[in-house]
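If you want the building blocks of each chain, they are given just below.
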Amino acid sequence: MAERKARVERNTLETQITVEIDLDGTGKSSFDTGVPFLEHMMDQIARHGLVDLNIVSKGDLHIDDHHTVEDIGITLGQAFKQAVGDKKGIRRYGHAYVPLDEALSRVVIDLSGRPGLMMDVPYTRGAVGGFDVDLFEEFFHGFVNHSMVTLHIDNLKGKNTHHQIETVFKAFGRALRMAIEMDERMAGITPSTKGSL
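Cut-offs applied
Along each chain, residue indices are assigned from 1 in the same order as the chain's sequence is written. For a predicted model such as this one, the threshold for reporting local features is a pLDDT of at least 70, and the threshold for listing and counting side-chain atom pairs is 80 or more; totals across whole chains, interfaces and linings nevertheless cover every residue. Here the side-chain values reflect all heavy atoms present in the structure, with hydrogen atoms and water set aside. UniProt positions are given in the numbering used here, feature names are shortened, and annotations may be inferred rather than shown by experiment. Think of it this way: any DSSP run of H or I at least four residues long counts as a helix, any run of E at least two long counts as a strand, and we number them from the N terminus. What the globule rule says is 2.2 Å times the number of residues to the power 0.38, and the radius of gyration is computed from C-alpha atoms. The classification of residues rests on relative accessible area computed with a 1.4 Å probe and restricted to protein chains. Under 20% of the type maximum is buried, over 50% is exposed, and intermediate values are partly exposed. Per-residue and other accessible areas follow the Shrake-Rupley method at a 1.4 Å probe size, with only the shown protein chains counted as cover for residues. Counted as positive: Lys and Arg. Counted as negative: Asp and Glu. His and the chain ends are not counted at all. The atoms used to mark charge sites are NZ of Lys, CZ of Arg, CG of Asp and CD of Glu. Buried residues of nine kinds, namely Ala, Val, Leu, Ile, Met, Phe, Trp, Tyr and Cys, make up a nonpolar core once their side-chain atoms join them within 4.5 Å. A patch consists of residues whose relative accessible area exceeds 30% and which take part in no salt bridge; residues with like charges are grouped when within 9 Å of each other, and nonpolar side chains (Val, Leu, Ile, Met, Phe, Trp, Tyr) when within 5 Å. Whenever Lys or Arg places a side-chain nitrogen within 4 Å of a carboxyl oxygen from Asp or Glu, that contact is recorded as a salt bridge. Expected helix span is computed as 1.5 Å times (number of residues minus one). Two strands pair under a simple rule: DSSP has to find at least two bridges between them. To get an axis, fit a line to the C-alpha atoms, keeping to the stretch in contact for a helix; angles then go from 0 to 180 degrees between the N-to-C directions. Pairs of residues are marked as contacts when any of their non-hydrogen atoms sit within 4.5 Å.

With an unreviewed UniProt entry as reference, the protein chain is termed Imidazoleglycerol-phosphate dehydratase, source organism Marinobacter guineae. Reading the Catalytic activity (unreviewed entry) entry of the UniProt record for the protein chain gives the comment "D-erythro-1-(imidazol-4-yl)glycerol 3-phosphate = 3-(imidazol-4-yl)-2-oxopropyl phosphate + H2O".

Quick look at the overall build of the protein chain now. Along the backbone of the protein chain there are four helices and ten strands. Here the C-alpha radius of gyration of the protein chain, 16 Å, is about what a compact globule of 197 residues would show, namely 16 Å. Projected onto its principal axes, the C-alpha positions of the protein chain cover 45 × 40 × 30 Å. Counting across all 197 residues of the protein chain, residues that qualify as buried make up 50%. Accessible surface for the protein chain amounts to roughly 9,300 Å². Of this, 50% is attributable to carbon and sulfur atoms. Of the side-chain charges in the protein chain, 22 are positive and 29 negative, and the distance between the mean point of each set is 8 Å.

Right, let's get into the nonpolar core. Formed by 54 residues in total, the largest nonpolar core has its most connected members in Phe80, Phe139 and Phe140. The element that contributes the greatest number of residues to this core is helix α4 (residues 161–180), accounting for nine residues.

The grouping of Asp64, Asp132, Asp134 and Glu137 at the surface amounts to a negative patch. With a relative accessible area of 39%, aspartate 64 lands in the partly exposed category.

Turning to helix α3 (residues 135–147), a few remarks are in order. Helix length check: α3, at 13 residues, gives a terminal C-alpha distance of 18 Å against a target of 18 Å (1.5 Å per residue), a fit within 8%. What α3 keeps buried is the set Leu135, Phe136, Phe139, Phe140, Gly142, Phe143, Val144 and Ser147. Taken from the residues just after α3, methionine 148 is the one with a positive phi, measuring 60°.

As a further point, take the sheet that holds strand β1 (residues 5–11). Strand order in the open sheet made by the four strands is β1-β2-β4-β3, with mixed pairing throughout. Because the sheet does not close on itself, it has two edges, and the strands there are β1 and β3 (29–32). The average angle at which neighbouring strand axes cross in this sheet is 5°, direction not considered. Across the sheet, helix α1 (residues 36–49) lies against β3 and β4 (52–59), angled at about 160° from β3, the strand it touches most.

Moving on, we come to the pairing of strand β6 (residues 103–110). Walk down a regular strand and you will see the side chains alternate between the two sheet faces. Summarising the sheet, strand β5 (residues 93–100) and β6 pair through eight bridges and their orientation is antiparallel. Residue pairing for β6: tyrosine 93 is matched across the bridge by aspartate 110. Counting the residues that bridge the hairpin from β5 to β6 gives two residues, and of these aspartate 101 lies at a positive phi of roughly 55°. The pairing of β6 with strand β10 (residues 150–157) spans seven bridges and is antiparallel. By the bridge assignment, isoleucine 109 is partnered in β10 with leucine 151.

The subject of this paragraph is the sheet that holds strand β7 (residues 116–120). Read from one edge of the open sheet, four strands run β5-β6-β10-β7, paired in mixed fashion. Strands at the two margins of the open sheet, each flanked by one partner only, are β5 and β7. Between one strand axis and the next, the sheet turns by 10° as a mean value, whatever way the strands run. As defined by bridge partners, β7 adjoins β10 across five bridges and the pair is classed as parallel.

Okay, structure coming up:
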């Protein structure tokens, strides 16, 4: 099987971002973004998705986190799309439920070639450690629009906002892991009746 790795650089007047991804990794991660809470959440993607991630970002954090968070999502989506390749032999669909104490989230993903995000997370607070939680939707919009996946995210229960968010990212990692796994019965076959994704 060909290596499913990618390295993408994206530079704008607002951010300069480099993402390296290995879809067949061991869950190792390294981040230098200036946004610690986002790094903590992306570590969940790597650890629970068993993908290796290395992300470096320099952005206009003196304004706020918005451009950095959104552009990391965009660049991660571009790297994921490049790494996953033609999708032959993969499972395509993935789903996961993840609890953390009182919180429970469900994430369902389809590597469909059609970008779409449905996200329903009724946060109980507007910020965690100074981080604006609304930016997570910007992160996921950036990811789906550039990875060309359909993603449904639902926080089903939760009172602690940190728990709500962490269950979302852990479930996202687990769902991603399932979707990108190779299926021996589908070896060399595109998982679509259209013949392409």
